[in-house]
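Residues per chain, in single letters:
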Amino acid sequence: MVCLFLHPSKIKTMEGLILLLPIVIFIGLRFLPKGSNDSSKIVKLSKLVSYLSILVSILSALLLYKMTAFSVEMATFKGLGFSLRLDFLSILMFTMVSIIGLIVLRFSDHYLDGDVNKAGFFKKISFTLGSVLLMVVSGNLLSLWLSWVFTSVGLNELIIFYKNREKAIIAAKKKFVIARVGDFFLALSFGLIYATFGTGSLQDIFDKVSNQEFVKTPILELALLFLAISAALKSVQIPFHSWLLNVMETPTPVSALLHAGLLNAGPFLVIRFAHLFNEVTFGNYFLVAIAGLTAIYGSLVHSSQPAVKVALAYSSIGHMGFSLFLAGMGAYHAALLHFVSHSFYKAYAFLTTGSEIEKQTNLGTSYFQREGNIYRIIISVVLIAGLYTVLNYSLKDFFNENFQMKAISIVIFLGISNLMINSIDSRNTKTTIFLLLIMAFMVLVSFIVFESILHFGLRNQIPLLNELDTLLKGMVIFYVGLYALVIFLQWLSPYIKGGKAYHFLFVYARNGFYFNIFLTRLLQNIILLKRPKTKNI
Amino acid sequence: MENQQLFTLIQSVCQKIAPAWPLRNTIAVNPFLGFSNTRFEIASALLHENGQMQTTMPLTFYLEQCKEGNIDSSLLQKEVQLMLGGLSIQDFLENATKYQFEMASELKIPLVINVINDCSKLNLLEFLVDSVSQWTALFYDETRVFWRKVYPNKNLFDCWKFDAEIDLSPEFMGAHNFRQILKSLPNHEDDAIEKILQELPIPPEFLESYLHGLLLRVVGWSSFISGIDWDMNLYSEKTTNLKSFLAIQLAWEYCFFHSFKDLKIENKWKASWGQFKNRKEDTVLLYRTIFQNVYDKTAQYRLIEKIEKSSSNAPKKTIPLAQVVFCIDVRSEIYRRNLEKVNNEIETIGFAGFFGFPIRFFKPAQNEGQNLCPALLPSSLVVREEGKNQQSSLQAKNKTIVRNQFFKSWKRFKSGVVSAFSFVSPMGIYFLPKLVFNSYGWTRPAISQKSKDVVEYKKGTKHIDISSIDLDTQVATALGALKTMGLISNFAQVVLISGHQATTTNNPHDSGLDCGACGGHSGLINAITATKILNQIEIRERLTAFQIFIPKETIFLACIHNTTTDKIDVMESMIPERVDRERLQLIYTSLEQATALSQMERASRLGITQNIAKSIQYRTIDWSQVRPEWGLSGCSSFIIAPRHRSENVDLQGHTFLHSYDWKKDPDFTILETIITAPMLVTSWINLFYYGSITDPEKLGAGNKTLHNVLGGVGVFEGAAGDLKIGLPMQSVHNGKNLEHLPRRLTVIIDAPIYAIETILNNHPNVRDLITNSWISLYAMNEDGKIHKRYSENKKFVDFKKK
């Protein structure tokens, strides 16, 4: 750690350069001349760069530990231009994206063997990775906006990797429209923020907010509302989600990268601007309203899909909704934990979809059966309620710190109650029930531990959870109530006779409540999706 | 049309659809099974007209092959002469070059949906296929979706109608009053079919083609449902799910017909029928068929030359060091050749990989067994997996139960509505180490039960319980097996029975690489069962009554040939004390050497240049590997003869080998078995690969990188679309060239021609395959020369080489 003996400003510049290195190479790979069809060199190079970026992120984490959050200004004018921001959020994201990037690149190597465009694929995926890395460490509005646009440009290229697939083209077109609208809103929002604070540097903006050196105007409300809209568009909130379902028209590693690395941009943006969101109301209303609904929507539709990748896509929609929901109510550390966890989970889930058949064979085909024994259900409910009370009492600081933590822990406990009921009210043997109860406990402990770690990590860099106004509180309570209702219905599922309402719900759910078909028609009617000449199947 | 007549017609249409099996036990099947009794070129035209399905390659392919010399010009001349009369070969090639970028004509049987699609802004055809596909996938889903299904009964049509009557999507796509029109249809499928066919103006002479076209529109699902019927009919009652599925397709047509009335589709449809009636014969298709015939013949001549050149050795008289029985699989050929090369005292035998033991296998805590036998046979022998003793059996059983229950409950939590949030936040981080470990091949995403079994049976912690097979059955099956494999005398001290299996990771098509004769499973259990039965003294005593004298010192040993690594694992725990260890060591050494040689031979095909053994081993655990091995790619011929007829020929892993000595088969019953079972199966496999190449979209599984697995059933390519049957592109193509060449099976039998002719006359269904050019059959004489070819006139004719 030679650099630690240098003057702090020099260290910052050096750190900035080191951080930029993998980003520049990744993005630069895209613009290499079209060489021979031999892809091995570019594959090797891109893997090497992703190792490098992991190394850089470790280095930065160490530095951050010593120096807390800081900015590196390199070539800036009025706070715009080249500057990087290093804080817990950006380094955590940088590390996560680097690791997922490495795994995805390693996976793609053999997966795309024999494809004539393999070299092109690696160029495009490297470009996209570089853009995401740039986005998470951007220190000013301009570079944040540019990298935001780059990520979706890179993604668009990846979606139409197989140019002969009609559905891929449609997906890319839908995505293009939604992304441009999002870019537009983000540009508007950044323009208004710049106008309000007179600088583009994130550091300066956050400082001004902390010191209350700005005038609260309706313009800021508008700016943050636009920011929220832009985040919702990027992170597939209803009704802008349907393009995500068509992205299976491109190789699996792209899906893994998209679901683990790009969808997060929405919650990331909200957390990045947490200081500002704390000062406004309408942006938060918007987020909680749309995201709370998306969460339940994605989660519900997910469970009715027979094709694994489609199911995973709906699941991502739900999780992005939940993460934005948390961010909207100001529980930024919980939102961050949720989407970081989701990234690893979803990358793994996509890359291992090929093992689905093997897993099914290993487990046998019979369904899991609930017993429907009322005593067992009561025991489970009493058990979970007891656990909740005991923990609430013994970990008062954790659970009762504020309204948000209470809401989150209720949702978590509701979910765990599902696990308990599924294990106890079933034909499971005693050993199985015992193991599952241990797992339930594990889930709870992990939740407390990871939540606390992120809380600690973000403590100085993000405003503390503040008191919500009544309307926002009401919205949160409404959604938590809705989740509770859904869980309650699952508790009682053995008693629910498949009536008419149930049948309708099932048929509508498997059609994703017709959002996709509706958007397709809408866009088709407007010019965008001219159908190529009929090819009869 | 009379009622009776109509339903006979429907039945015959349904029989045109070949079955397909779910991916957990893929069985290669002839996709043209329904056309065995139709000439190849007529079937080609029919499949093209009714379903735009390709049975030959594009002309560019054949022209390329002409240049490379794989299409013999003198043979081509003859074929052109025969099929096109006056045309000279120059003109033929010139025309072919002219047509090469033209598609075969797009004129096809007009379905209502196609007529509507042609004049609609929306892609309704795609919508319809996606809709049907998604619904059927959910109906047959066994593991993923845990919403309780509330259907009135189990009939496919009834259930579909129940759902479709409340589904809004057709109306969103512009089909007015879809639900109302559907409700006006009778509830029973037969009544509905009758009503629909009465109302739709279909020219009666094309009714059959029309119905066939409806099923081919979603050929993946039609085949899958046909497979369900196949299995049901083999084991229990007769079911007609495919008929119900056809009724669903008809209902779509009917509702679309009525809801798009304002597009004047009735007139347009009638016009399309007129066009279709006046269609001309398709020249491109004809040209392709001519090329294909010559392409096949050229290869046949080369093969024959190759076999004849290596003057066959006389059969050895001495008792060999060991005998090793392999599956007839083409992958065995490479290994057998190399094994014989490293030790010419080892005799190898080719036999169907279930070794004549049609098993139903039960694992502990499993209620429905696996059928380890070819799809043509019902399984009959029940065997169970047991532990070392009663206690460990019980333990294993409990462990399985707990594991299954645990993961099922856990999955409910993990993917439940809302509870998924409580799963992801705390538990998501734990997937980071999993990602890393899998990426470097330190762990696998799912346990490979097959590989675990090999280890456990080898160590002896598990064994097979055959006690539920009674002694008479054991004797009868053993007798049949020994006779068919020709092992009735001259027993070596060690007889290895080698099943085979593949090891791959994260590969939905894994079971397609396993033993087809064992129903798309590993051959290990069959091998163990066979050796267990044959090693019993009581069985051997009773076999003496049939003139089979197995020496006391002879032991049968089960082993497993891993086709991905070409390693052979012997189940050592089953070796008795008395065996000659030195001899065993010698055999082991030979097996290891043969493994090394086979790996070297296969490495070039896999594109491996260095660290061969290590690279091949890594393929078995590489979660991103889309080409772990080449499977049966390249299979194009089948030799039914004693091994010494082909012993010195390098058949490059393209040939199925069945050992057969007609001199030991006085009444030719064994030959009859081979011709009616293994030969049929090899043709199934061959045409399965063939179809996956000629029509990669409809008969193949498309691109592996896009595969989207369905619960317990198969894969979609991309987000939706038809179910994909057949082989993925990566299994037959290396990115630059085809690894499997489109050649129909060539069979060479070493037996007297009168015997073969009699057998074929007794089995017209097999004979049809040959006379209609799905298989070519040649006979070998006593000098090892191929002297006769089976002709379309149902007898052998002299075969003249040019």
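Residues numbered from 1 in each chain as written. Chains lettered and ligands numbered in written order. Predicted model: local features only at pLDDT ≥ 70, side-chain atom pairs only at ≥ 80, totals over all residues. Heavy atoms only, no water.

**Some details on the nonpolar core**
No. 1: In terms of nonpolar packing, the biggest core is built from 417 residues, with F273(A), Y210(B), L211(B), F256(B) and L671(B) touching the most fellow members.
No. 2: Discounting residues that sit within four places of it in the chain, L671(B) has contacts with I640(B), Y660(B), D665(B), I749(B), A751(B), A755(B), I756(B) and I759(B).
No. 3: In terms of nonpolar packing, the next biggest core, distinct from the first, is built from 21 residues, A322(B), C559(B), V570(B) and L584(B) among them. (Core = buried A, V, L, I, M, F, W, Y, C linked by side-chain atoms within 4.5 Å. Buried < 20%, exposed > 50% of the residue type's maximum accessible area, 1.4 Å probe, protein only. Contact = heavy atoms within 4.5 Å.)

**Remarks on the pattern of salt bridges**
Opposite charge on two side chains lets them pair, provided their charged atoms get close.
All names here are of chain B.
No. 1: A complete count under the given rule lists 53 salt bridges over all chains for this structure.
No. 2: As a salt-bridge pair, E205 and K277 come within 3.7 Å of each other at their nearest N and O atoms. With E205 in the loop between α11 (189-199) and α12 (207-217) and K277 in helix α15 (residues 265-277), this residue pair connects regions lying 72 residues apart in the sequence. (Salt bridge = Lys/Arg side-chain N within 4 Å of Asp/Glu carboxyl O. Helix = DSSP H or I, 4+ residues; strand = E, 2+ residues; numbered from the N terminus.)

**Details of the pairing of strand β8 (residues 555-562) of chain B**
Residue and element names in this part refer to chain B.
No. 1: Where burial is concerned, most of β8 is hidden: 8 out of the 8 residues are buried.
No. 2: Residues I555, L557, C559 and H561 point to one face of β8 and F556, A558, I560 and N562 to the other, with burial holding for every one of them.
No. 3: Both β8 and strand β9 (residues 567-570) contribute to a ladder of 4 bridges, which runs antiparallel. When the sheet's bridge partners are listed, H561 is paired in β9 with I568. (Pairing = 2+ DSSP bridges.)

**Overview of the sheet that holds strand β1 (residues 322-327) of chain B**
Residues and elements named next belong to chain B.
No. 1: Taken together, 5 strands build an open sheet; the order of strands is β2-β1-β7-β8-β9 and the sheet is mixed. What marks the edges here is a single partner per strand, and that holds for β2 (346-351) and β9. In this sheet, neighbouring strand axes are inclined to one another by 30 degrees on average, regardless of whether the strands run parallel or antiparallel.
No. 2: Bridge count between strand β7 (residues 494-501) and β8: 8 bridges; the pairing is parallel. Looking across to β8, one finds that I497 is bridged to A558. (Axes fitted to C-alpha atoms, helices over the stretch in contact; angles between N-to-C directions.)

**What about helix α13 (residues 219-235) of chain B?**
Residue and element names in this part refer to chain B.
No. 1: For α13, spanning 17 residues, the distance from its first C-alpha to its last is 24 Å, which sits close to the expected 24 Å at 1.5 Å a residue.
No. 2: Along α13, the positions that sit buried rather than exposed are V219, G220, W221, S222, S223, F224, I225, S226, G227 and D229.
No. 3: Packed against the buried residues of α13 are α7 (124-140), α8 (156-164), α12, α14 (241-259) and β13 (715-717). (Expected span 1.5 Å × (residues − 1).)

**Topic: the interface of chain B and chain A**
No. 1: Facing 114 residues of chain B, the contacting portion of chain A comprises 115 residues.
No. 2: Interface of chain B and chain A: buried area, both sides summed, is about 10700 Å²; carbon and sulfur atoms make up 61% of it.
No. 3: When residues of chain B are sorted by the area they lose upon contact with chain A, W147(B), V417(B) and F421(B) head the list and together hold 8% of the total.
No. 4: Here chain B and chain A share 5 salt bridges between them.
No. 5: Taking the shortest distance from any N to any O, the salt bridge between K167(A) and D130(B) comes out at 3.2 Å.
No. 6: Joining chain B to chain A, the criterion identifies 50 residue pairs in polar contact (both at pLDDT 80 or more).
No. 7: Ranked by residues supplied to the side of chain B that touches chain A, first place goes to helix α18 (residues 390-414) of chain B with 13 residues.
No. 8: Across the side of chain B that touches chain A, the residue classes tally to 52 nonpolar, 36 polar and 26 charged. (Buried area = accessible area lost by both parts, 1.4 Å probe. Polar contact = N/O pair within 3.5 Å; in protein donor to acceptor, adjacent residues only side chain to side chain. Nonpolar A, V, L, I, M, F, W, Y, C, P; charged D, E, K, R; others polar.)

**Focus: the pairing of β7(B)**
Residue and element names in this part refer to chain B.
No. 1: Burial analysis of β7 places 8 of its 8 residues in the buried class, which makes it a mostly covered element.
No. 2: Residues V494, L496, S498 and H500 line one face of β7 and the alternating positions V495, I497, G499 and Q501 line the opposite face, and both faces are buried.
No. 3: As paired strands, β1 and β7 are joined by 4 bridges and run parallel to one another. If you follow V325 over to β7, its bridge partner there is I497.

**Re empty space enclosed by the protein**
No. 1: According to the stated counting rule, one finds 13 cavities of 30 Å³ or more in the structure shown.
No. 2: Taken as a whole, the largest cavity spans an internal volume of roughly 880 Å³.
No. 3: N516(A), I517(A), F127(B), D130(B) and A720(B) are, among the 40 residues lining the largest cavity, the residues nearest its centre.
No. 4: It is α7(B) that provides the largest number of residues to the lining of the largest cavity, a total of 6 residues.
No. 5: Tallied by class, residues from the lining of the largest cavity come to 22 nonpolar, 11 polar and 7 charged.
No. 6: In this structure, the second largest cavity occupies an estimated 280 Å³ of space.
No. 7: Along the walls of the second largest cavity sit 27 residues, with P19(B), A20(B), S223(B), I725(B) and G726(B) positioned nearest its centre.
No. 8: No other element matches the 3 residues that α13(B) contributes to the lining of the second largest cavity. (1 Å grid on protein atoms, 1.4 Å probe; cavity = no way out; pocket = protein on both sides within 12 Å on 5 of 7 lines; lining within 4 Å. Points joined across faces, edges and corners; volume = space filled by probe spheres on them.)

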